[in-house]
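Listed below are the residues making up each chain.
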Amino acid sequence: MDLNALAKAHPAHWSKATAIRALTLDAVAAANSGHSGMPMGMADVATVLFEKHLKFDASNPLWPDRDRFILSAGHGSMLIYSLLHLTGYEQFPLEEIKNFRQMGARTAGHPENFLADAIETTTGPLGQGIANSVGFAMAEELQRAQYGKKIVDHFTYVIAGDGCLMEGISHEAIALAGRHKLSKLIVMWDNNDITIDGPVSLSDKVDQVARFKAADWHVIEIDGHNPDEIDAALTEARKSDLPTMIACKTHIALGHAAQDTSKGHGALTDADQMAAAKAAYGWTTGPFEVPADVKSAWEEIGKRGADDRRAWEERFDAMSRSKREEFNRALAGDAPKKLSATIKAFKKQTSENAPKLATRASSEKTLEVLNPLYTETVGGSADLTGSNNTKTADLGVFDVDNRGGRYVYWGIREHGMAAAMNGMALHGGVRPYGGTFMCFTDYARPAMRLAALMQVPTVFVMTHDSIGLGEDGPTHQPVEHLAISRATPNTYVFRPADTVETAEAWEIALSSKKTPSVLSLTRQGLPTVRLEHKNKNLTEQGAYVLADAEGKRQVILIATGSEVEIALKARDLLQAEGIGTRVVSMPCMELFAEQDEAYRRRVLPAGPVRVGVEAAVSQGWDRWLTGERGKWNKADFVGMDRFGASAPAEELFEKFDITPQNVADKAKALL
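Residues numbered from 1 in each chain as written. Predicted model: local features only at pLDDT ≥ 70, side-chain atom pairs only at ≥ 80, totals over all residues. Heavy atoms only, no water.

## Quick look at unusual backbone geometry
Not every positive phi belongs to a glycine, and Asn389 is a case in point at roughly 55°. Note on placement: Asn389 falls in the loop between α17 (385-388) and β7 (407-409). The phi torsion at Asp657 lies on the positive side, around 60°, for a residue other than glycine. Mapped onto the elements, Asp657 comes out in the loop between α26 (649-655) and α27 (660-670). (Helix = DSSP H or I, 4+ residues; strand = E, 2+ residues; numbered from the N terminus.)

Have a look at this one:
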């Protein structure tokens, strides 16, 4: 490619785009680590986007009506870091660029949303960003329907690479966006034909243009290094009534010896080759030096949106006080004022009526009283609405002709659903929850992990949570899934024993600001075990004494979910033999671990033997079963050590010895 011709044809553009390329080369070389090629290849696209189309104000990165920019190809993180530095974001001074990939820097190896206000989402696992973007675009539509176009009217722009489009989640994402005609979503595909292993043709020959068209996207094909074509394509995309994919034909590591090769994907650190590339760009300054006129031009771009922001603030201030307060409350993630009173009243009624319900049905009944309180909850299910019980009558269905509908039919797309819900939460002003079967956390896992990493309070409603689902058999019966979810940092895993605990779990999940929740809910009916009403949210303590020992306390049975009923029946058997037995319900291990040691010792004092009861594998239970003996073994646990089987639920619990008699026998054997 003739770089001189590009520079002469568009000198002002070229100097700004070259600043991105030079900073990328310098930062990656200083770190001796990173990915140089993508930022070098997409610098032209990014420059035109930020200069002429992206609505933002560098002095106010959290302005609610800003356009969102998502770097789905997160390995090319120096692209976004360069842009944030050049446009004058306070959190990205030159020192951050110099400390790329170093301890404590905001310029981590991949963009991390919790490190800087201007980074919309954490990307790196390919395909996640483009799937997040669907949630961002849906959240914009939902909020616009609620508050009007004068308050909510922005685009979501995505840069995605070949790898993003190969990942299976991208299919789920683009199909959803096409189905819902998310016209405010614009994806710029870095079409450079290179992967780490070599040419894309080594592993793929999909016609991506045809693929997006088949999913009902508007598609434009351009030269990704021609600023006029880039500008025209973005202008056209903004007018489309469909989501748009712009296929940007680019050269990875443009101008470098590694251009158009797999080596260009990674860290380009050879000093001589760097010097040659900079010479080819006509870049004569030293490392990390941007000419004053170029930096000034970029900073003017960073200020360009200030007038738009101030005009928006005037429109916002003109809204009614109640509308402003509701908007700000939802954006801040604060719970409605009536939440606590509503939950207390619901709990009291439940304890008095003592229904026998599957906790998936308990969840639905809880949502029936909560969704009217929250104007921002958005429910959904991955084609299991009637099984997950996630839809309440007041929500309406989100669709092309009903942007105010608050229920999404996600289709058989667990991974896409989870990632899009993360996007909704990241956008702000929306509280998403979505359901599938507990065993299909496997399909949603990468997005669930990222919810925890990104510190967003997405709620994953996982029903049919054990062998208790019965006849569908071991393919659908989760065994290891609770342990995997509990092993994920910054995740609350709730396994409620009845309707009261379910309501308490929902109160916590919908009040959380930085921690996602997994609600593990039963298919089979469970009796109400919380018959004495308590105003206090006991689930918030993680574990509590449900039934205490009569006489000398010799045994503590710890159970979750559907097995709390079994533990209570085992207690009856033991007490009948004069063995004082306490039952502890442990709906959330993570919250119990957060309690002070004094409380934990009160619930689980030293002395009595302990038996854990849960229809799942034992991993994670050792901490609570060790006791004063300083060790534990499987004799302390009644649960699963193998996959389930296809049969009615009650027969399965008998087959796998998860019974009151076996629990009692285990306890007696330990005495």
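## Observations regarding the sheet that holds strand β3 (residues 185-191)
Read across the sheet, 5 strands follow the order β1-β2-β3-β5-β4 without closing on themselves; strand pairing throughout is parallel. The outermost strands of the open sheet, each flanked by one partner alone, are β1 (68-71) and β4 (218-223). Pairwise comparison of adjacent strand axes, ignoring direction, gives a mean angle of 20° for this sheet. By the bridge criterion, 6 bridges tie β4 to strand β5 (residues 244-249) in an arrangement that is parallel. Directly across from Asp223, in β5, lies its bridge partner Lys249. Where helix α3 (residues 37-53) meets the sheet, its contacts fall on β1, β2 (156-161), β3 and β5, and the angle it forms with β3 comes to roughly 155°. (Pairing = 2+ DSSP bridges. Axes fitted to C-alpha atoms, helices over the stretch in contact; angles between N-to-C directions. Contact = heavy atoms within 4.5 Å.)

## What to know about the sheet that holds strand β14 (residues 580-585)
An order of β12-β14-β13-β15-β16 is seen for the 5 strands of this open sheet, with the pairing classed as mixed. Edge positions in the open sheet fall to β12 (544-547) and β16 (637-638), since each of these has one partner strand only. Both strand β15 (residues 609-613) and β16 contribute to a ladder of 2 bridges, which runs parallel. Bridged to Val613 within β16 is Val638.

## Quick notes on the side chain of Asn371
By the secondary structure assignment, Asn371 is in the loop between α16 (359-370) and β6 (377-381). Since its relative accessible area comes to 0%, Asn371 is described here as buried. Sequence-distant contacts of Asn371, that is, excluding residues within four places in its chain, are made with Thr377, Thr392, Asp394, Leu395, Arg406 and Tyr433. (Buried < 20%, exposed > 50% of the residue type's maximum accessible area, 1.4 Å probe, protein only.)

## Comments concerning helix α18 (residues 414-427)
The terminal C-alpha atoms of α18, which comprises 14 residues, lie 20 Å apart, in line with the 20 Å expected from a rise of 1.5 Å per residue. Phi turns positive one or two residues past the end of α18, at Gly428, with a value near 95°. (Expected span 1.5 Å × (residues − 1).)

## Examining the packing of helix α2 (residues 11-31) against α3
Axis separation between α2 and α3 bottoms out at 9 Å; the angle between their running directions is 135°. Classified by the angle their axes make, α2 and α3 are oblique. Seen from above, α2 lies across α3 with right-handed handedness. Residues His13, Lys16, Ala17, Ile20, Arg21, Thr24 and Leu25 of α2 lie in contact with α3, whose contacting residues are Pro39, Met40, Ala43, Asp44, Thr47, Val48 and Glu51. For the contact of α2 with α3, the per-class residue count stands at 7 nonpolar, 3 polar and 4 charged. (Parallel < 35°, antiparallel > 145°, perpendicular 65-115°, else oblique. Left-handed = near helix turned anticlockwise from the far one by under 90°. Nonpolar A, V, L, I, M, F, W, Y, C, P; charged D, E, K, R; others polar.)

## Observations regarding the nonpolar core
Residues Phe69, Met188, Trp217 and Ile246 are the most contacted members of the largest nonpolar core, which totals 125 residues. The greatest single-element share of this core, amounting to 10 residues, is contributed by α2. Not counting residues within four places of it along the chain, the set of residues in contact with Phe69 comprises Leu49, Phe50, Leu54, Ile80, Leu83, Glu120, Tyr157 and Ile159. Counting residues in each nonpolar core, the second largest holds 49 residues, with Ala497, Phe592, Val603 and Phe656 among its members. (Core = buried A, V, L, I, M, F, W, Y, C linked by side-chain atoms within 4.5 Å.)

Without other data, these values stay purely geometric and don't point to any function.
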